[in-house]
Amino acid sequence: MKRLSLLAVAMLVFASSAAAADWKVSVDDRYDSLYAQLKDNNSYQAHLAREFASVAVEEKMQHDIGVAKAFMDKAEEHAAQAGSMK
Amino acid sequence: MKRIFLLAACTAMTACTGHIASTQISELDEARAMIQQAKDAGAEKCAPALQAKAVVKMYHAAHEITDEVGSHPDENAELLADALATAKKAYVKAKKGCAKPVLEVIRLEGVFFETNSAKLTVASMAVLDNAVKTLQKRADINVEVAAHTDSKGKAAYNLGLSNRRATSVMNYFLGHGIKAARLTSQGYGETQPRADNSTVEGRAKNRRVSLRVK
């Protein structure tokens, strides 16, 4: 039983720290990629994408990884729409 | 213990999930209405950066307001006020930027002058009499009499000729009771052709007078 509880605690720690580390990189990378993709694009959709991406980074800094991901998803949706509006 | 294990497993699986809160909450009514007003005024086209900022601030505010963890009423109020203020700015900018006045031009077809002169032909006066009636009916408009030439001859000469012709038409209106305060005149020479100057027909179209409503 002790082993089981140890395993459970280990999983909890891993789930939060590993996932957080993973998303820290991921959100940053996605942010950089999105900014490069939208360079010189001043359409409404491009502005929306950049604004959502900024909030995503802000949320990531506050360790709200799930929300950061959701905002980044939204940013990328708008970036995709902005692609054809440049 | 099984419960702890279950909790750990669930946490591991759901650590990466998240969602954006709905903006359909009463706290955002004012900001949402202002964003819609700005959109209707053309903000997405005329003030895209501001409008996008306002929209995302609203989403951010919605998230913070509905976030059950670590609620900060002061910060939420600030986010709300920010979203509303940005939407107002987008609206004001859109109103200024999108509502450009459409310039109305009244073409005076059939107004001619003697060759190389600003003297109106007799036939032209009938056309100008109709224009006088229009100006009398539409007493709320001011107009610029704009005269144009074709490109034959020197540009400077054409500019001077068009200025004299515009003045000649304006004087006709003044002589028929139109107030001076409503009239200005401007010659444009050959600078604004409407047709091809290499053909007789094109040059005839380019020699013209019109009224630009201000």
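Details of the structure are given in the entry above.
What comes next is a walk through the structure. (Residues numbered from 1 in each chain as written. Chains lettered and ligands numbered in written order. Predicted model: local features only at pLDDT ≥ 70, side-chain atom pairs only at ≥ 80, totals over all residues. Heavy atoms only, no water.)

1. Quick look at helix α3 (residues 65–83) of chain A
The end-to-end C-alpha distance of α3 of chain A is 26 Å, a good match for the 27 Å that 19 residues give at a rise of 1.5 Å each. When α3 of chain A is considered as a whole, its buried residues turn out to be Ile 65, Gly 66, Val 67, Ala 68, Ala 70, Phe 71, Met 72, Ala 75, His 78, Ala 79 and Ala 82 of chain A. (Helix = DSSP H or I, 4+ residues; strand = E, 2+ residues; numbered from the N terminus. Expected span 1.5 Å × (residues − 1). Buried < 20%, exposed > 50% of the residue type's maximum accessible area, 1.4 Å probe, protein only.)

2. Thoughts on the layout of surface pockets
Residues and elements named next belong to chain B. Considering only enclosed or pocket space, the second largest pocket measures out at about 380 Å³ in volume. Lining the second largest pocket we find 20 residues, and of these Thr 115, Asn 116, Asp 150, Arg 165 and Arg 207 sit closest to its centre. Counting only elements with at least two residues in the lining of the second largest pocket, the list comes to β2 (143–148), α7 (155–175), α8 (200–206) and β4 (208–213). Ranked by the residues each element gives to the lining of the second largest pocket, the list is headed by α7, at four residues. (1 Å grid on protein atoms, 1.4 Å probe; cavity = no way out; pocket = protein on both sides within 12 Å on 5 of 7 lines; lining within 4 Å. Points joined across faces, edges and corners; volume = space filled by probe spheres on them.)

3. Remarks on the pairing of β2 of chain B
All names here are of chain B. Among the six residues in β2, six count as buried, and that is most of the element. Residues Val 143, Val 145 and Ala 147 of β2 are buried on one face, and the alternating residues Glu 144, Ala 146 and His 148, pointing to the opposite face, are buried as well. Handedness of the crossover joining β2 and strand β3 (residues 183–187) through α7: right-handed. The pairing of β2 with β4 spans six bridges and is classified as antiparallel. Of the residues in β4, the one forming a bridge with Val 143 is Val 213. (Right-handed = clockwise from strand over helix to strand, strands pointing away. Pairing = 2+ DSSP bridges.)

Function-wise, these values are silent; they only describe arrangement.
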